[in-house]
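Take a look at the letters that make up each chain.
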Amino acid sequence: MTSAVTRPGVKRGTIPVFATATAITVSNIYFTQPLLDEIARGFHTSASTAALVATTGQIG
């Protein structure tokens, strides 16, 4: 197995940047779940309808 340092085209700082971008993207999907009650109140809709916000984000 070759290390990331010896592979052509992969610089040392690339892996942490990709890891950070992945963590932000994945956490962004789940950040809406604690806010679903507020979303439902803000749009004057039911909690199950507001849950579609989190569901569509996870599907997308």
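Note that this is a predicted model, so its numbers are computed, not measured. (Residues numbered from 1 in each chain as written. Predicted model: local features only at pLDDT ≥ 70, side-chain atom pairs only at ≥ 80, totals over all residues. Heavy atoms only, no water.)

## Section: the overall build of the protein
Filter applied, for reference: Under the scheme used here, helices are H or I runs from DSSP no shorter than 4 residues and strands are E runs no shorter than 2 residues, and both carry numbers assigned from the N terminus. To sort residues, take the accessible area from a 1.4 Å probe on protein chains only and compare it with the maximum for the residue type: under 20% means buried, over 50% means exposed, and anything in between is partly exposed. The method behind every accessible area is Shrake-Rupley, applied with a 1.4 Å probe, and residues are considered shielded solely by the protein chains displayed.
In terms of regular secondary structure, the protein is built from three helices and zero strands. Helices (α) and strands (β) of the protein occur, in sequence order from the N terminus, as α-α-α. A total of 60 residues make up the protein; the buried ones form 8% of that total. With the model as given, the accessible surface of the protein reaches about 5,000 Å², and the carbon-plus-sulfur share is 67%.

## Thoughts on the environment of Pro 34
The topology assignment puts Pro 34 in the loop between helix H1 (14-30) and helix H2 (36-42). By relative accessible area, Pro 34 is classed as exposed at 67%. Considering only alpha carbons, one finds Pro 34 and Ala 54, 20 residues apart in sequence, at a separation of 9.9 Å.

## Section: the nonpolar core
We apply this condition: What makes a nonpolar core is a set of buried Ala, Val, Leu, Ile, Met, Phe, Trp, Tyr and Cys residues whose side-chain atoms join them at distances within 4.5 Å. Any two residues whose heavy atoms approach within 4.5 Å are treated as being in contact.
Formed by Leu 36, Ile 39, Ala 40, Ala 50 and Ala 54, the largest nonpolar core amounts to five residues. Put simply, the parts of the chain that give this core at least two residues each are H2 and helix H3 (47-59). No other element matches the three residues that H2 contributes to this core. Among all residues touching Ala 54, those that are not within four sequence positions of it are Thr 32, Gln 33 and Leu 36.

## Here's the deal with the confidence of the model for the protein
Keep in mind that low pLDDT regions are not for reading the predicted coordinates in detail. For clarity, the cut-off: Per-residue confidence from the predictor is given as pLDDT, running between 0 and 100.
Taken as a whole, the protein shows an average pLDDT of 83; of its residues, 87% reach a score of 70 or greater. Ranking the elements of the protein by mean pLDDT puts H3 last with 84 and H2 first with 91.

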